[in-house]
Amino acid sequence: MTDTDARSFRNAAALKRLKGRRAADARFKFYGRLAIVVALAALAMLLVSVGTQAFSAATHHVVRYDIELDPARIAPDGASAPEDISRNVEGFYGLARDSLLETFPEANTIPAQRLLLAKTLTRLAVLPAAREVAARPELIGNAYTLTAPLNHDLDLFLKGRGAGEMRVEIGSIAAAKADADGEVTLTGPDAFKAVVTRLASLRAEMGPAADTLSVLVTSGRSTGRLSDITANTARLDLLTGDAADFEQSRPAGRIFRLAESERNVSDQQIAWVLALKDLGRVSRVANTGLLTQTDSTYPELAGGLAAIVGSLLTMLITAFVAVPIGVLAAVYLEEFAPKNRVTDLIEVNINNLAAVPSIVFGLLGAALFLNFLDMPRSAPLVGGLVLALLTFPVVIIASRAALKAVPPSIRAGALAVGASKMQIVFHHVVPLAAPGILTGAILGMARALGETAPLLLIGMVAFVGDVPRSPLDESTVLPVQIFSWSNNAERAWEPMTAALIVILLVLLLLMNSLVVFLRSKFERRW
Amino acid sequence: MLQQLGHLSMGWLMIALLAVLASSAFFLGRVRAEQVAGSSPVRSHSRPNYHGYFVAICAVTPAALAALVFGLFGDGVTRSVLVNELPDAFGLLSATELDTYIDAVAQSAASGGYSGADRIFAAVTNRYLELRGLLNSGVIGFSLLAGGIGMYLARRRVSPQFRARARVDSILELGLFVCAAIAIATTIGIVASLLFESLKFFGQVPITEFLFGTRWNAQTSAEFGALPLFFGTFMIALIAMIIAAPIGLFAAIYLSEYAGPSVRGWVKPVLEVLAGIPTVVYGFFALLVVAPAVRSAALWLNDALINLGLASGPVLAAQPTSALAAGLVMGIMVIPFVSSLSDDVINAVPQTLRDGAFALGATKSETIREVVIPAALPGIIAALLLAVSRAVGETMIVVMAAGKGARISMDPTSDLTTITVQIVSLMTGETGFDDPKTLSAFALGLVLFAVTLMFNLVALRVVQKFREKYD
Amino acid sequence: MDGTQQAGGPDVLGDGQPGDAGTTLGFPRIDCRNVNVYYGETRAIHDVSMTFPDRAVTALIGPSGCGKSTFLRCLNRMNDTIDSCRVEGEILMDGDNINDRDVDPVLLRSRVGMVFQKPNPFPKSIFDNIAYGPRIHGFANGREDLDNIVEKSLRRAGLWDEVKDRLSAPGTSLSGGQQQRLCIARAIAVSPEVILMDEPCSALDPVATARIEELIDELRKRYCIVIVTHSMQQAARVSQRTAFFHLGNLVEMGDTDQIFTNPREKRTEDYITGRYG
């Protein structure tokens, strides 16, 4: 029975051949698993990269300025009306800058240094203080603590980004001697050994470029830049503070992997901000401005409020237009439409509309609403209408599915008690389909909320400094704001943009959770 | 007096007016119906409420139409009347300057009148307000008249025999039909606006130059050869599909054929999340993470090739924004479009076909490859077509990460531009609707619409056939 | 590798199975001992022991839900594809328990073919439908060999004359009866020793059914055939042996003539005379 043997389950040749097929089988399954893993990894990478960026924008550094509200500066020439004071940026800014100069007198003599120091505070950052004082005139003439966000580059530096900062250990300093030319010599047994080693390894890695790197030595509020070093002694260019601060201290050492010319913050600025920190004038607080401020050219002052309100207004228009019309259209197509070529055409047409690229709707909006009907550019009204056209097919498709799910027995029952077709539909079918219709509508709105391209074409990309108050005001929306911020050059915009994205994603998440909730609460199977 | 009327905020006023008209018409009709029912021996066909609805509809419709006509054309008429009345000196102004002037007048009129020193401006503003007042009183008068006539005629028809309910129902049905027809109107609107503006464009630039020209430089020097844009769009969509097709398809196969219900239960919704993330977020991701990574990989490769002696200079362009970066991220975005529909169609393949293959001694992968996939092929092709259509029409990712270089280059690390990128950059500038720059955006939009429409139509048709086959 | 070469063999019939009386049949191809099948916690098949003789048709009959299809699917381990399903007991082929871990169901299924209730041709041409099995198992040496296998299988399934001119037409273009014969030809093409048929005629009209029944009778000369059927007439017409299942139990098994004329069990008699079903 050789042939039977050949077919045996333990026939070696057959098993060998089978092994290859089984391996192919395992490979195939592995590809499937790999595909899932890759897709999920991509999603995770996206969320993590956005999330970490956003996390760093969730807090920011603010600086305290203790100033005297001198009436001559706050209300010069008797301009003491509240609206004058609230607009007197120059006066408040001047007071805050003077307080900086008082702290760092070394900047006073050189104009370039003065400008550099003044960069610590953005001019417009004093506006909230000006408004507060305008509202409470009794503060004028008294001591006042002005708190304002730190310049965005310095903020990023304090968050450990943008300078390639590395900390190095420095031993105890036995003596610090100030030279005539502003230099300080520090001595301590083996105090600078770690610095020397690190610099040597950097030189091995980067070549001669390593010689241009800055090393800052800080003790208390004083900071100096290293100019010469051995294991036991170091000569510093004193940037701020006093040689005495180094006496009997253990200073902190910082090496910056980026040369000064490649950074947005200079050694001098770093020295100052470290001193401010040491003085307890810098604190890291939650960046509430993200939700309370409007757009700005300065990242430390910018926020998403105007965009959030703009999105809200736009969504309102979209919801009021797309949902009722979409639901009624679905009712017609599902319950009333005769089966003929016109309704077939509408049917095909709706499915196609749902797949038309959104930017085409933007072109339609620009041609129809802006050019032909002469509606205002950048207005939530137009944006809402364009998004309504975009959402409309989605609402119809979802509503039809919900209406289809209502069993014919309900209709038959209502028909049997003498209700008209219209009564059956609006008294019985639509209420039963309402949860499904509602979830479809919310999903459609979620899609509209994230839409960007069509809104760019109707001018919603303009810079909007004020919160829009009506659907006819100039406005922008969250996704467009994200787009325009991501176009900005300064590094500080990256975390701000990411933070705005997180706000958008949280809104979308809320909408989708609502859908899940509605489904679990109302879903029924007939 | 007329000036006072000119200050009226017509929108809310008309809504209130129509509401009052509707409710009074409703009550009139209802009361009338009750009267005639009480005095008539015949049992009423419809309940009084329906008579009320009928009269209300007959009153409001003409009134609203009248108001709409005035609303749409009133402003234009007012302006042209005003322009005609302006002193001759205004003839020196160009059309745009005149428009700006009238805009300023309308603005100051809307904010409560002009109280400054410019006497001509003040006079024009006052005249404008008078004209508006005339218009507003016209709107109110005509609406009320039309509504009154409608109400009177409708009320006369109220009688026990009158089938008000049927009338109301058919009017409502007409309203429902109009809602559904908006879908068609939208498509017609899209096609009409694209065609209209495109034809204007092709009046200035020959269509052959647009379709086959290889130099695109719309912003600076009116060169409108769109071939590089088509190429860029194709290239990026291709890269996206190279990513999305295998990943999406294998993910669908794994989910429908291998994964247990628990894995399926959480992986499927998580994959759908990819489809729910706004594209601007993908664009940011491309700009922040992927484009720099692609660039450094390309630079590294360049160095490696030079060090190995395989190349004498840089081989790859390694630009900061690149087709590859945009394509990769777009591929990720399109994965759920492939996987979700493929998953559906694979699940729709009847189990008996799988059983047949298993019974012949096929392994699971052989069954899937040779039986399930061929059976689901039409649906899978449709899924891929829809994904391509998505990729071609996708805007934000390419705007943010693909660059603006209109060139035909096979190097995926060079920056390429696409149809959608150019539409955005042409339409966000401050240009009028008669400028060929703006018009060319519509011509590009027309191409985009036609191409995606073709893909969608074919895909939807194929899916429909597939469903018919296995349902 | 035709069934004809497997003639003879020791006569191992009559190993004490109830009603195992026939002696004119081939040796037992499959020997089931104490087979139990569970779906999750529920037991669908209770302790069934029976043999299936070579070159004979064994019919499994019984009311719907009695487990006859489930039992049939044990014989080529099709139940493996259902997650919750668990099979216990021994099913021996050539002395190997097919449920052993080291028996690959793929090899088993190349020896135990199956035909289903509804014809299920693959979405391929007629030729590729038949050639699929030999291809994946590597039975054919070259195109010519494959052509031969396809022709032989179609001839045996009585379909060759009807389709020889359109082998590249899709399998789904055939009529229902032709499709089912195509599926039988597809099963034959891998030269199985056993063919399982799960109500192969239930989706067909009477004329097509008659053709399939003729075909089954023809195939009996070469293969061990097990057929599940709802129709007692069909069982009487085509089978030599009949097993009656009820509520997952094998009630009675014996020569078809005996089962239909002189059942030993009251329940069998009740079913055959139409008391329930």
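Residues numbered from 1 in each chain as written. Chains lettered and ligands numbered in written order. Predicted model: local features only at pLDDT ≥ 70, side-chain atom pairs only at ≥ 80, totals over all residues.

(A) Structural detail: the confidence of the model for chain C. All names here are of chain C. When pLDDT is averaged across chain C, the result is 85; 90% of the residues are at 70 or more. When the elements of chain C are averaged for pLDDT, strand β5 (residues 96-97) gives the smallest value, 88, and strand β8 (residues 224-228) the largest, 94. Predicted confidence for residues 1-23 stays below pLDDT 50, and this span has 40 contacts to residues more than four positions away or in other chains. Here the predicted complex carries an ipTM of 0.89, next to a pTM of 0.86. (pLDDT = per-residue confidence, 0-100. Helix = DSSP H or I, 4+ residues; strand = E, 2+ residues; numbered from the N terminus. Contact = placed C-beta atoms within 7 Å.)

(B) Region of interest: helix α3 (residues 48-85) of chain B. For α3(B), which comprises 38 residues, the first-to-last C-alpha distance of 54 Å matches the rise-based estimate of 56 Å (1.5 Å per residue) to within 8%. At B:Phe73, α3(B) is bent by approximately 45 degrees, the largest bend along its length. (Expected span 1.5 Å × (residues − 1). Bend = angle between axes of the 7 residues up to and from the residue.)

(C) Fine view of unusual backbone geometry. Residues and elements named next belong to chain C. Positive phi, close to 50 degrees, is recorded for Arg55, a residue that is not glycine. With respect to the element layout, Arg55 can be found in the loop between β2 (42-53) and β3 (56-61). Positive phi outside glycine occurs at Ser191, with the angle close to 45 degrees. Checked against the element boundaries, Ser191 lands in the loop between α6 (176-188) and β7 (194-198).

(D) Here's a closer look at the interface of chain B and chain A. Listed as interface residues are 67 residues of chain B and, on the opposing side, 67 residues of chain A. With 18 residues, the top contributor of residues to the side of chain B that touches chain A is helix α6 (residues 164-204) of chain B. Split into classes, the residues belonging to the side of chain B that touches chain A amount to 46 nonpolar, 16 polar and 5 charged. (Nonpolar A, V, L, I, M, F, W, Y, C, P; charged D, E, K, R; others polar.)

(E) A look at the packing of α3(B) against α6(B). All names here are of chain B. Their axes nearest at 8 Å, the elements α3 and α6 cross at an angle of 45 degrees. Here α3 lies oblique to α6, going by the angle between them. When you trace α3 past α6, the crossing you get is left-handed. Contacts between α3 and α6 pair Tyr50, His51, Tyr53, Phe54 and Ile57 from the former with Ala164, Arg165, Arg167, Val168 and Ile171 from the latter. Along the lines of polarity and charge, the residues of the contact of α3 with α6 split into 7 nonpolar, 1 polar and 2 charged. (Axes fitted to C-alpha atoms, helices over the stretch in contact; angles between N-to-C directions. Parallel < 35°, antiparallel > 145°, perpendicular 65-115°, else oblique. Left-handed = near helix turned anticlockwise from the far one by under 90°.)

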